[in-house]
Amino acid sequence: MLARKRRRMTLASLARASGISVRSLTAFENGHKTPSPESLFSLASALRVPESFLNAEPIDDLQPDAVSFRAPSKMSALDRDAALSCGSVATLLNGWLEERFRLPRPDVPTFPHLTPEEAAEQLRARWGLGEAPIPNLIHLLESRGVRVFSLPSDCRDVDAFSTVHKGTPYIFLNTQKSGERGRFDAAHELGHLILHAEHRIPHGIESEQEAQRFASSFLMPRAGILAQVLVNASTDRILSAKRKWGVAAMALTYRLHEMNLLTDWAYRTVAKQLSQMGYRRSEPGGINRESSQLLAKAFEALRPQGVTVKEIAEAIDVFPDELNDYVFGLVPVALEGGREFVASGRPGLRLLK
Ligand SMILES: [Zn+2]
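In short, a report on the structure. (Residues numbered from 1 in each chain as written. Predicted model: local features only at pLDDT ≥ 70, side-chain atom pairs only at ≥ 80, totals over all residues.)

One open sheet holds the three strands; their spatial order is β1-β3-β2, and the pairing between them is mixed. What marks the edges here is a single partner per strand, and that holds for β1 (147-150) and β2 (160-165). Each strand of the sheet is rotated relative to its neighbour by a mean of 20°, with strand direction disregarded. Where β1 lies against strand β3 (residues 168-173), four bridges are found, and the strand directions are parallel. Its bridge partner lying in β3, V148 is registered against I171. Contacts from helix α6 (residues 77-100) reach β1, β2 and β3 within the one sheet, and its direction differs from that of β3 by about 125°. Strand contacts of helix α9 (residues 179-195): β2 and β3, with the helix running at about 35° to β2, the strand carrying the most contacts. (Pairing = 2+ DSSP bridges. Helix = DSSP H or I, 4+ residues; strand = E, 2+ residues; numbered from the N terminus. Axes fitted to C-alpha atoms, helices over the stretch in contact; angles between N-to-C directions. Contact = placed C-beta atoms within 7 Å.)

Written as structure tokens, this is what we have:
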């Protein structure tokens, strides 16, 4: 069922693709019937997964209630299930890595009673960030025990989502966006974890706005922005400041207006100019997308042990080319090469913020 959901297939479409009746498929999924070797083969090819995936122990699915989806009402059940099943595969990969490495323990408090801006300030204080720009948000999150994965193409209809699974916070990011959007999405999901996770993540416009405000205040802290002297800043000035903070030009403009550093009139003028320059739809001359440090280091450490992409993929029952989709495309770079074996315990990974 996990494989079917990941491929966004209904029972009927899988029946068509595999030549197996809906009734048999239902019986397989309920565990009332075991597929014959021939059926297994047809199913695996229709679903583009290794047969071992279909035989694997059922894994704990992520629960939709505990997952932050933007505009869930506009999402089809197939899109939602596809995203959830991508998330489940990533938890398998995380489990595999945790058996081999001591990964950072979560340090993600929840502040359900604070305003988003207060929560962002508290978190900055707790994580010792001061009022400075965050050089790399994914590295920061990973050093605080949040596992960050990229979403495979099957699941890219969602922007990003987050959940807490067995005590570990996860954030999943769509890698098709600009670097600035990716950072904002990650900060938005962090907002859900900080503001909403304790009481399960509520779905609705209000919690979305809270997560947006958290992201804005976390990436652009009030005191840090005030120190930049951006009162009624020109478009040029905003364009140079947004690079410093690693945010979209529009996001900074919005933040300045919200902090009353831009008058309504100045805000509209700048927004219009930015829009004409193409900053509403994309981010001309933007920053590179952030990527995972934890996964890169893990793969680097696995290489001298002779662990291959194929072995990791087999351990989580996906095809090797699909593994890359979950890990920001880091696998081939890090894992090509020699196979000499080095015995080791569970080394810790040193992560730099
Ligand atoms: Zn959200």
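On to the nonpolar core, then. Soluble, globular proteins show a tendency: their nonpolar side chains are buried together. Among the nonpolar cores identified, the biggest contains 84 residues, and L141, I171, F172, L219 and L252 are the most heavily contacted of them. Discounting residues that sit within four places of it in the chain, L141 has contacts with V146, V148, I171, A186 and L190. (Core = buried A, V, L, I, M, F, W, Y, C linked by C-beta atoms within 7 Å. Buried ≥ 20, exposed ≤ 12 C-beta atoms within 10 Å, placed from the backbone.)

Now for α6. Between its first and last C-alpha atoms α6 spans 35 Å; for 24 residues at 1.5 Å apiece the expected length is 34 Å, and the two agree. Those residues of α6 not exposed but buried are D81, A82, A83, L84, S85, C86, G87, V89, A90, T91, L93 and N94. Contacts made by the buried residues of α6 are with α1 (2-6), β1, β2, β3 and α17 (320-326). (Expected span 1.5 Å × (residues − 1).)

This paragraph deals with the packing of helix α2 (residues 11-18) against helix α4 (residues 37-47). Between two packed helices, what matters for the description is the angle formed by their axes and the separation of those axes. Put simply, α2 and α4 touch, their axes get as near as 9 Å, and they point 110° apart. By the angle between their directions, the pair α2 and α4 is classed as roughly perpendicular. Regarding α2 and α4, the two cross each other, and that crossing is right-handed. Taking contact as the criterion, the partners of L14, A17 and S18 in α2 are, on α4, S42, L43 and A46. (Parallel < 35°, antiparallel > 145°, perpendicular 65-115°, else oblique. Left-handed = near helix turned anticlockwise from the far one by under 90°.)

Another point: the packing of helix α13 (residues 249-258) against helix α14 (residues 264-276). Running from amino to carboxyl end, α13 crosses α14 at an angle of 175°, the nearest separation of the two axes being 10 Å. Taken together, the axis directions place α13 and α14 in an arrangement best described as roughly antiparallel. For the pair formed by α13 and α14, the contact residues are A249, M250, T253 and H257 on the first element and Y267, V270, A271 and L274 on the second. Looking at the contact of α13 with α14 residue by residue, the classes come out as six nonpolar, two polar and no charged. (Nonpolar A, V, L, I, M, F, W, Y, C, P; charged D, E, K, R; others polar.)

With that settled, consider the pairing of β3. Counting buried residues along β3, five of its six residues qualify, which places the element largely inside the surrounding structure. Pairing analysis gives six bridges linking β2 to β3, with the strands arranged antiparallel. Bridge assignment links A160 to a residue of β3, and that residue is L173. Between β2 and β3, which pair antiparallel in sequence order, lie two residues; one of them, K166, sits at a positive phi of approximately 50°.

By the element assignment, C155 lies in the loop between β1 and β2. C155 gets classed as buried once you count the C-beta atoms within 10 Å, which come to 25. Each C-alpha atom, one on C155 and one on L78, is 10.0 Å from the other, the two residues being 77 residues apart in sequence.

This part takes up the pairing of β2. Where burial is concerned, most of β2 is hidden: six out of the six residues are buried. Here β2 shows two buried faces, one formed by A160, S162 and V164 and the other by F161, T163 and H165.

Here we come to the environment of D79. Residue position: D79 is located in helix α6. Distance from D79 to R8, taken between C-alpha atoms, is 6.7 Å for residues 71 residues apart in sequence.

Turning next to unusual backbone geometry. You will see that K166, though not glycine, has its phi angle at about 50°, which is positive. Relative to the assigned elements, K166 resides in the loop between β2 and β3. For K166, a count of 8 C-beta atoms within 10 Å corresponds to the exposed category. Positive phi values are uncommon outside glycine, yet N232 reaches one of about 45°.

Remember that the coordinates give geometry; whether it matters functionally is a separate question.
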